[in-house]
Amino acid sequence: QVQLVESGGGLVMAGGSLRLSCAVSGSIVRINTMGWYRQAPGKERELVATITSGGSTNYADSVKGRFAISRDNAKKTAYLQMNSLKPDDTAVYYCNANLLLSRWSTRGIDYWGEGTLVTVSS
């Protein structure tokens, strides 16, 4: 079974930092683009950051300069370093990964973690 497990969420004061991890497990041929999304109470899920297998990154305007996405391909893990956190960053953060499960697959399929809660207090 394929699993994406997020960790690192918790309670942090405004201005503080937090580092999220997303570990991929299971029989995976290739991990393509990975990303972090978040959903605040009563709001729609939004993209936070993405990173390709080659390390190219993209960020939502709201987190540019504060967040950094990275990945360790050997560990099959993606990270989201969150600095200068604001109360508006409070949300459940979800990890996404586009995965190839077969050597003969033509394209990957998106998989999601169950989310980790980040709460930023003022």
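What comes next concerns the included structure.

### So, the environment of Ser17
With respect to the helices and strands, the residue Ser17 is situated in the loop between β2 (10-13) and β3 (18-25). Distance from Ser17 to Val5, taken between C-alpha atoms, is 20 Å for residues twelve residues apart in sequence. Look past the residues within four positions of Ser17 in its chain and what remains in contact with it is Val12, Gln81, Met82, Asn83, Ser84 and Leu85. A distance of 2.8 Å separates the side chain of Ser17 from the side chain of Asn83, its partner in a polar contact.

### Regarding the layout of surface pockets
Each pocket or cavity is described by its volume, and for the largest pocket that value is around 190 Å³. Along its surface, the largest pocket is lined by 13 residues, and Arg38, Lys43, Glu46, Asp88 and Asp89 are the ones closest to its centre. Residues belonging to the lining of the largest pocket are distributed by class as follows: two nonpolar, three polar and eight charged.

### Digging into the pairing of strand β9 (residues 91-100)
Extensive coverage of β9 is indicated by the burial of nine of its ten residues. Where β9 meets strand β11 (residues 116-121), three bridges bridge the pair, whose relative direction is antiparallel. The partner of Val92 across the bridge, within β11, is Leu117. With four bridges joining them, β9 and strand β10 (residues 109-112) adopt antiparallel strand pairing. If you follow Leu99 over to β10, its bridge partner there is Ile109.

### Considering the state of the cysteines
One covalent bond between the sulfur atoms of two cysteine residues makes up a disulfide. Across all of its chains, the model carries one disulfide by this definition. With its sulfur 2.0 Å from that of its partner, Cys22 forms a disulfide with Cys95. Judged by the sign of its S-S torsion, about -85 degrees, the bond between Cys22 and Cys95 is left-handed. In this pair, Cys22 sits in strand β3 while Cys95 sits in strand β9, placing the two residues 73 residues apart along the sequence. We classify Cys95 as buried; its relative accessible area is 0%.

### Some points on the pattern of salt bridges
Pairing is possible between side chains that carry opposite charge, provided their charged atoms lie close to one another. Under the counting rule described, the total for this entry stands at four salt bridges. Across the pair Glu46 and Arg38 runs a salt bridge whose closest N-O atoms are separated by 2.7 Å. One salt bridge connects Asp61 with Lys64, and the closest N-O pair in it is separated by 3.0 Å. On the basis of relative accessible area, Asp61 is assigned to the exposed category, the value being 66%. Each of Arg38, Glu46, Arg66 and Asp89 takes part in one network of salt bridges that share partners.

### Overview of the environment of Trp104
With respect to the secondary-structure elements, Trp104 resides in the loop between β9 and β10. Assessed through its relative accessible area of 72%, Trp104 is described here as exposed. Placed 37 residues apart in sequence, Trp104 and Phe67 show a C-alpha to C-alpha distance of 35 Å.

### Considerations on the sheet that holds strand β1 (residues 3-7)
Where strands meet in a sheet, backbone hydrogen bonds hold them as pairs that are either parallel or antiparallel. On the basis of which strands lie adjacent, the open sheet formed by four strands has the order β1-β3-β8-β7 and antiparallel pairing. Each end of this open sheet is capped by a strand with a single partner; those strands are β1 and β7 (67-72). Going across the sheet, the axis of each strand differs from the next one's by a mean of 15 degrees, ignoring polarity. In this sheet, strand β8 (residues 77-82) lies alongside β3 in antiparallel orientation, the contact comprising six bridges. Within the sheet, the bridge partner assigned to Leu18 lies in β8 and is Met82.

What counts and what doesn't
- Residues numbered from 1 in each chain as written.
- Predicted model: local features only at pLDDT ≥ 70, side-chain atom pairs only at ≥ 80, totals over all residues.
- Heavy atoms only, no water.
- Helix = DSSP H or I, 4+ residues; strand = E, 2+ residues; numbered from the N terminus.
- Contact = heavy atoms within 4.5 Å.
- Polar contact = N/O pair within 3.5 Å; in protein donor to acceptor, adjacent residues only side chain to side chain.
- 1 Å grid on protein atoms, 1.4 Å probe; cavity = no way out; pocket = protein on both sides within 12 Å on 5 of 7 lines; lining within 4 Å.
- Points joined across faces, edges and corners; volume = space filled by probe spheres on them.
- Nonpolar A, V, L, I, M, F, W, Y, C, P; charged D, E, K, R; others polar.
- Buried < 20%, exposed > 50% of the residue type's maximum accessible area, 1.4 Å probe, protein only.
- Pairing = 2+ DSSP bridges.
- Disulfide = S-S within 2.5 Å.
- Salt bridge = Lys/Arg side-chain N within 4 Å of Asp/Glu carboxyl O.
- Axes fitted to C-alpha atoms, helices over the stretch in contact; angles between N-to-C directions.

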